[in-house]
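Now for the letters of each chain:
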Amino acid sequence: MSAQGPAPHAVIAGGGVAGLAAAAGLAGAGWRVTLFERRQRIAEEQADPLSPGGRALGAGIQMSPNACRCLKALGAFDAVAASAFRPQAAVLREGRSGRVIYRAPLGAAAEARWGAPYLHVYRADLVAALAAAATAAGAVLRPATQVLDAEEHDSHVAIEVGPVREGDDAAVSSQSSLASPSSPAEAIEADLLLVADGLGSRLRATLFGDAPRRFTGQTAWRAVLAADTLPEAARMPPDATVWAGPGRHVVTYYLRGGALLNLVAVEEASLWESESWSTEGDPARLRAAFAGFDPALTSLISAVEQPLLWGLFDRDQPPRWHTRRSVLLGDAVHPMLPFMAQGAAMALEDAAVLAAVLSEMPECAATLGAQLAKYEAARRARATRVQRVSRENGTLFHRADGLRRRFDHALIGAVSRLAPSLAAGRLDWLYGHDALGGLGSA
């Protein structure tokens, strides 16, 4: 494994945002990359998400400036931006009255302050752009195939892969259009294994030790609606809006140039058993959960005919993010609650940094280990901070009625109105972050 010999081989487990971004980055850096994904398709459904049977899995994703900066480094920004929506502001509203508590300008102001735009992206469009960038860079994408086991050796990591059969995974859906499933019990040798198979990662438990997933006591409804079919009363401003109320909140924003409206509604719940991201929710229950909120919002919620429902889970980070020849990234290492809209952004930052530190081909196992340590050193503190603030925001959004809630809202509103630059500055650490800055001296 040297700069003069054959290109080192990286195997990636997981074809979501983290895995595809890493595939694009490593292949672009000269690695030989093979990615395995359990779903039958890596590129998600690109047809009308509102067509009969359409589920719009994942629906909308907010791409903040720090994420867009990584998309540029990975070669996927132009494709993502072409179908995105550019919000004018980030807004916090009192859920029941609709009163604006906080407003931070985005649009041109975001790009001027943080050096990259703020975008709303349909998840399928992001996945397709990353898959295209990975393929163009030379990565091999193999859907309907799962990494079954891995064992590290001094000279390589031995990986066993096999096809996903019907019933193996609730996320398995339509027939693959990218590649054929591998034969059963296929053995592969690689120089490096990237574990990017999400919050429920089984490989993480095998290689890094298990840590139980924790139900947060919150469930989330989601839906995507055609904007031109909404009643006038349900039309939303062109913003990323949080409607906060005791024990629950709603997020609304547009996708695909304004053609679609994305809705995520989170409420506190005592129990959740399903592990699926595509459990069908009862629209009557959704309406009842947010009865009494602002009429514009309840009008929008009334237009939802088939919401999806999932439980929010959390998991502690492991003591180390890497071993000699394996490394974690994305939700497999630091799952993010959605209250900062940074889950995909942190996965993109992980992938961009990992590709950058591995762009110099490792000469031996010791060199590879030092590079993986550099990646972890560059990422752990930041990902941990974003995790913490995301958890804290969930508490802030759902704070019960009382003096503390009114005081918090009054203080946030005063800063937003009287010192807008100071309010925007509170996000500089997040949105202004350059994940690749300073790596040369790290």
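Cut-off values and rules
- Residues numbered from 1 in each chain as written.
- Predicted model: local features only at pLDDT ≥ 70, side-chain atom pairs only at ≥ 80, totals over all residues.
- Heavy atoms only, no water.
- Pairing = 2+ DSSP bridges.
- Helix = DSSP H or I, 4+ residues; strand = E, 2+ residues; numbered from the N terminus.
- Axes fitted to C-alpha atoms, helices over the stretch in contact; angles between N-to-C directions.
- Core = buried A, V, L, I, M, F, W, Y, C linked by side-chain atoms within 4.5 Å.
- Buried < 20%, exposed > 50% of the residue type's maximum accessible area, 1.4 Å probe, protein only.
- Contact = heavy atoms within 4.5 Å.
- Parallel < 35°, antiparallel > 145°, perpendicular 65-115°, else oblique.
- Left-handed = near helix turned anticlockwise from the far one by under 90°.
- Nonpolar A, V, L, I, M, F, W, Y, C, P; charged D, E, K, R; others polar.

*Asks:* Would you explain the sheet that holds strand β9 (residues 157-163) in this entry?
*Replies:* Whether parallel or antiparallel, the strands of a sheet pair through hydrogen bonds between backbone atoms. Spatial strand order, β8-β9-β10: three strands in an open sheet with antiparallel pairing. Only two strands of the sheet have a single neighbouring strand rather than two, namely β8 (145-152) and β10 (186-190). Taken over all neighbouring pairs, the strand axes of this sheet differ in orientation by 30° on average, direction set aside. In this sheet, β10 lies alongside β9 in antiparallel orientation, the contact comprising five bridges. From the neighbouring strand, V161 faces β10, where its bridge partner is E186.

*Asks:* I tried to follow the nonpolar core on my own but got confused; where do I start?
*Replies:* Among soluble globular proteins, nonpolar side chains are generally buried collectively. Among the nonpolar cores identified, the biggest contains 115 residues, and W31, M63, L194 and L348 are the most heavily contacted of them. Ranked by residue count, the leading element in this core is helix α9 (residues 343-357), at eleven residues. Membership of the second largest hydrophobic core comes to 23 residues, among which are W221, A234, A265 and I301.

*Asks:* Got a minute to help me understand the sheet that holds strand β5 (residues 100-105) in this structure?
*Replies:* With mixed pairing, eight strands are arranged side by side in an open sheet as β5-β4-β13-β14-β15-β12-β17-β16. Each edge of the sheet is formed by a strand with only one pairing partner; in this case those strands are β5 and β16 (279-280). In this fold helix α10 (residues 365-397) packs onto β4 (89-94), β12 (214-226), β13 (240-245), β14 (248-255) and β17 (308-314), with an angle of close to 55° to the strand it touches most, β13.

*Asks:* Would you take a moment to explain the packing of helix α1 (residues 17-28) against α9 for this structure?
*Replies:* The geometry of a pair of packed helices is captured by two quantities: the angle between their axes and the separation between those axes. Direction vectors running N to C along α1 and α9 enclose 25°, while the axes themselves pass 8 Å from each other. Here α9 runs roughly parallel to α1, going by the angle between their axes. For the element pair α1 and α9, the recorded crossing hand is right-handed. Residues V17, A18, A21, A22, G25 and L26 of α1 touch α9, and the partners they reach there are A344, A347, L348, A351, L354 and A355. Among the residues forming the contact of α1 with α9, the class breakdown is eleven nonpolar, one polar and no charged.

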